[in-house]
Amino acid sequence: MNTQASQRRLLPGFGLTMGYTVFYLSLIVLVPLSALLLNSTGLTWAKFWDVATDPRVVASYRVSLTTAAAAAVANTGFGLLIAWVLVRYEFPGKRIFDAMIDLPFALPTAVAGVALTAIYSQHGWIGSLLEPLGIKIAFTTVGITIALMFIGIPFVVRTVQPVLQDLEADVEEAAATLGAGRWRTFRSVLLPYLIPPLLTGFALAFSRGIGEYGSVIFISGNMPMRTEIAPLLIMSKLEQYDYAGAVAVAIMLLLISFVLLLVINSLQKWMRRTSR
Amino acid sequence: MAGSVPMIGQTSPRNEKLTVPKRRWVKNVLIVAAVLVLIWLIVLPLAVVLTESLKKGWDVYIAALRDPDALSALKLTLLVAAITVPLNTIFGIAAAWAITKFKFRGRQLLITLIDLPFSISPVVAGLIYVLVFGSHGWLGPWLKEHDIHIIFALPGIVLATLFVTFPFVARELIPLMEDQGSQEEEAAVTLGARGWQVFWRVTLPNIKWGLLYGIVLCNARAMGEFGAVSVVSGHIRGETNTLPLHVEILYNEYQFSASFAVASLLLLLAVITLVLKSWFTRKSVH
Amino acid sequence: MSKLNQKFIVGLVFIMVTGMLAACGDKSGSDTASAGAAKEGAAAKEVELLNVSYDPTRELYEQYNKAFAAYWLKEKGQKVTIKQSHGGSGKQSRSVIDGLEADVVTLALGYDIDAIQHEGLINEGWQKKYEHNSSPYTSTIVFLVRKGNPKGIHDWNDLIKDGVEVITPNPKTSGGARWNYLAAWGYALQQNNNDEAKAQEFVKQLFAHVPVLDTGARGATTTFTERGIGDVLIAWENEALLSLKELGSDKFEVVYPSVSILAEPPVAVVDKVVDKRGTREVAEAYLKYLYSEEGQTIAAENYYRPTLESVKTKFANEFKDIKLFTIDELFGDWAQAQNKHFNDGGIFDQIYVPKG
C-alpha cells in the first residue's frame, strides 16, 4: 500500500494521461459503441434472444470462434518462432523478412482473401497439390483458419519482438554460465518475460479473427451452418434492412469477445504476479 | 529485472558467441523453420498479388496506377493516414503511461476496452458511426440542419479509420513499458527531473522501438482498411474512394489485373514506411 | 547516446507534426472547395449530380454521363458534372437512407428503392413515374458454361442433374442473386402448374448443387471463371456477356434457358435531395434521357436490353429472344417476394436450416 501511494505521487502525469486516455477512448470507441447498444429500434428482449440464439446464428458463432482460436494458437507458436529468429540470429535476407511481417496489414483484406483463395482452391498452387490427396482447404474451416492466420500473424510477432529485443542477453548468459541447459534457460528465465506479450498477441490475433470479414468471405464458401461466419450474418441482415437483427448479432459478438479479452488480460496479470 | 537498460543492437552478436559451437544446429533449424513459415504464410499470398497484377503486362499495370481515380484515391488514403496515425500515437503514449506507471482499479478493464476495436468486425465499426451520424442517428438531424457532412465524407472515413487502428500504438507500448517498470523514471524524478523531462529523456528512448513498431503497424492498417471505411465512405468516385475501395471497384469491373496492381501500390506504400523505419533505426543506433 | 536519441525523437515529432499540418491544411482546402462548388450549383451556373448506382453499371454510366452532359449543354447551355457511386445494391440504398445525398438512384432491384421510399426520401409511386416500371433498360438471367458445354446444360432442369455444380451468389447478401433465385422458382412453377411445394423442392435441389455461396455477383463470377469451380454460373445476361468479352469467348459460352425472368433494374429521382439542392429539373431530365435513342444505344452497347423499339431492332442479334416472365406476374411485387423468400426464416433459409 505504502509503495503504491508513494509511486503515485512520485511519477507525474497521471491526471493528464488518464484523463486524455478516457476522453479519447470515449470519443472514438465508447460513445459510438453505446449507440450500438442503445439502438433499440424494434429490438425487444424477446427479439434479441430470438435472433441471438437462432441455430444458424449460433452455428456462425461456433465457426467464427473456433477458427479464430485455432488461428490465434497457431500464430502464437509461429509468431514466437519468427520473432525469436529475427531478434536473435543473423542470416541472409533477414531484413527483408523482417519488413514483410507488416504487409498483411497493408493489404486490403479482400485482396488477401482473393489471393488466398487463388492459392488454396482446387486448381490453385497449393490446392491442386492437395486435391489428389483428398484434402480440401478452400471453402472449409481450414481455409478460414489460414486466412485468419495471415491476418493475425503480425500481431504476435510485433508484440513479442520489442520485448525480446529489450531482454538482456546477460540474464541468459548468466544462466548458461551457471550450467543451465538451453531449454531450461528458455523456460525458466525467458518465458516469464515472454508470456505477457505472447498472451497479448494471442488476444489481439484472436479478437481480430472473430470480427474479420473481408478476407474470409472469399475463402469460406459461406455455406450456412458450416462455413458461414458471424460477421456475414450481420451483413445479410443489413441487406434486409433488419438493423435490429444486425445489431443483435453484433452485440452478442461484442460481448463474447469482450469477455474473452477480459479473461485473457486478467490471466496475463495473474501470470505476471505468480511468475515474479 | 525491470529496471534493465535496453541493449538493442548488442544482443544478437553476444548471443551468437554464446550459442557457438555445439548448438549451431538448433539455430539453423529454427531459422529454416521460421523462413519456411514466413514464405508459406506471407510471401506466397503476396506473390499471387504481384503475379496477378502483372498478368496483363506492365502497360496495364502502369495505366492502372496513372488513372485519375487511382491518384485521387491515393491522395485520400495518404491524407487519412496522416490524420489518424499521429492522433492514435499520442493516445497510445498517454494510455500506456497511465496504465503502466500507475496502479489503479479497473486497469484490466481499461486495457480490455482499448483492445475492443480489434475484436469488432469492421462492418460493425462502420455501422456504429452510421448509427451516430447517419440521417437516423443521434446527431443526424442536427447535422443535417447545419449542413455538416460527417459520414460519406472525409470526417467519417477518418473516424472509421481511427476506430480500427485505435489500439495499435497503445497495445504495442503497454507490454513493453510494463516489462521495463518505472524505476528509471522514479530515479530521474528523485534526482529532480520534471515530468516532461522524464518522459523525453528517460521513457521515450526506452520505448522507441515499440513505439516505432506501433506507428508502422497503425499506418499500414490505416492505409489498408477496407470494411469499416466502405460502410461510411459513400463510394463516390474520385472523391471518397480510398485505395482499398478503389481496388474493390476495379475488381468488380472485371479489371482483375488493374485491381491487383492498385493493391500492390498499397504494399509499396507499406514498404516505404518500413524503409523509413529502418532509416530511423540506423540513424539512432549509429 | 542521449544526443542521438534526441535526434531520433526530433525526427519523429517532425514527421508527426508535418503529417498533421498537411492533413489540416488539406482538409480546410478541400472543405472550402466543396462549399464553393455547392454554392455554384445553387446559382444554376454549373450543376453537379450524384448518381448512386450498383456495381456493374460503371461503364454504362461513364459513357452515358458524357452523352448526357453534352446533350444538356446543348439543350440548356448549362454545364453538368455527374459523380458516380457504385457498390452492392442494398448497401447503396442504405447509404442513401443514412444520408448519402444522391440526386438519382439507379439500382438492381425495386425493393432497394422501395426501402428509400419508406424513409420518405422518394415519393410514393416512383415506379410509375417513368415507362416500363421505371426501368429504362432490362436484363435477364442466363447460364455461363465452359466452352463446348461439356455437361450439356440447356435449361433449368439440367442444373439439378447428378454431378453438375452450380455457382450462384447468396441471395441474402446479393441483390442481383435474388433475380437468379426467382428465375429458378418461376421456371419450376411453370413446369409444375404453379405447385409451390414442387417449386420449393426444385430450388432446394438446385442449391444442393451449389458448392460455394459467394456474397456478391462478382465473387461468384471469379469463383467460376478464375478458380475453375463449378460447371455453370447463373448470372445476369449483361454480366455473362461482359465476362465473355473480358475473359475470353474461347473459354466460356452463354446458354439461354427456355424461360427466364425479366430483370428490371429501376431508376428514381430522390425527391427530398433534389428539392433541397434545387436539381430536380436536371435530375429528371437525366433519367428521362436514358429512354432516348442515344441513351438506349449506350445501354445496349453495355449489354443491357434496350426498351425502345427502334434500338431493340437494331440490336436484335445481340439479345436472344426468350420467354420472360416479370416479377409482378409471378410474385405480386418485390416486397412480397422478399418477405416470402429471402427474409430470415423465409423459404431460402429453410433450404439450409430445417424448419424448427
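Up top is the structure.
Here's a quick rundown of the structure. As the structure is a prediction and not an experimental result, all values here were calculated from the model.

## Regarding unusual backbone geometry
Its identity as a non-glycine residue notwithstanding, Y241 of chain A has a phi of 60°, on the positive side. Along the chain, the position of Y241 of chain A falls in the loop between α13 (230-239) and α14 (243-275). Although it is not a glycine, N133 of chain C sits at a positive phi angle of roughly 60°. Checked against the element boundaries, N133 of chain C lands in helix α5 (residues 131-134).

## Description of the pattern of salt bridges
By the definition in use, this model includes 36 salt bridges over all chains. Where R221 of chain B meets E225 of chain B, a salt bridge forms, and the shortest distance between an N and an O atom there is 2.4 Å. With respect to class, R221 of chain B is no different from E225 of chain B; both count as buried. Note that K83 of chain C is salt-bridged to E239 of chain B, the shortest N-O span being 3.3 Å. Here E239 of chain B lies in the loop between α12 (227-233) and α13 (243-252) and K83 of chain C lies in strand β2 (residues 79-87), a pairing that spans two chains. Since its relative accessible area comes to 18%, K83 of chain C is described here as buried. Judged by its relative accessible area of 40%, E239 of chain B falls in the partly exposed class.

## Describing the packing of aromatic side chains
One pair of aromatic rings is described through two measures. These are the centre distance and the angle between the planes. Enumeration over the complete set of coordinates arrives at 48 aromatic pairs over all chains. Ring geometry for Y20 of chain A versus Y24 of chain A: centroids 5.7 Å apart, planes at 20°, classification stacked. Here Y20 of chain A pairs with Y24 of chain A, and both are found in helix α2 (residues 14-38), just four residues apart, close to one helical turn. Taking 4.8 Å as the distance between ring centres and 55° as the angle between the ring planes, the aromatic pair formed by Y137 of chain C and Y304 of chain C counts as tilted. With Y137 of chain C in strand β4 (residues 137-146) and Y304 of chain C in the loop between α12 (293-301) and β10 (305-306), this residue pair connects regions lying 167 residues apart in the sequence. In this pair, the class of Y137 of chain C matches that of Y304 of chain C, namely buried.

## Here we look at the interface of chain C and chain A
Each partner contributes to the interface: chain C provides 30 residues, whereas chain A provides 25 residues. Both sides of the chain C and chain A interface together cover about 2,400 Å² of buried area, and 54% of this is carbon and sulfur. Salt-bridge contacts for D344 of chain C lead to K237 of chain A; the nearest nitrogen and oxygen are separated by 2.2 Å. Here chain C is connected to chain A by 12 residue pairs in polar contact (both at pLDDT 80 or more). Of all elements in the fold, only α3 (89-97), α4 (110-118), α6 (175-191), α15 (334-342) and α16 (347-352) of chain C reach the threshold of two or more residues within the side of chain C that touches chain A. Of all the elements, α3 of chain C adds the most residues to the side of chain C that touches chain A, at five residues. When its residues are assigned to classes, the side of chain C that touches chain A shows 11 nonpolar, nine polar and 10 charged.

Criteria and cut-off values
- Residues numbered from 1 in each chain as written.
- Chains lettered and ligands numbered in written order.
- Predicted model: local features only at pLDDT ≥ 70, side-chain atom pairs only at ≥ 80, totals over all residues.
- Heavy atoms only, no water.
- Helix = DSSP H or I, 4+ residues; strand = E, 2+ residues; numbered from the N terminus.
- Salt bridge = Lys/Arg side-chain N within 4 Å of Asp/Glu carboxyl O.
- Buried < 20%, exposed > 50% of the residue type's maximum accessible area, 1.4 Å probe, protein only.
- Phe/Tyr/Trp six-rings, centres within 6.5 Å; stacked < 30°, edge-to-face > 60°.
- Contact = heavy atoms within 4.5 Å.
- Buried area = accessible area lost by both parts, 1.4 Å probe.
- Polar contact = N/O pair within 3.5 Å; in protein donor to acceptor, adjacent residues only side chain to side chain.
- Nonpolar A, V, L, I, M, F, W, Y, C, P; charged D, E, K, R; others polar.

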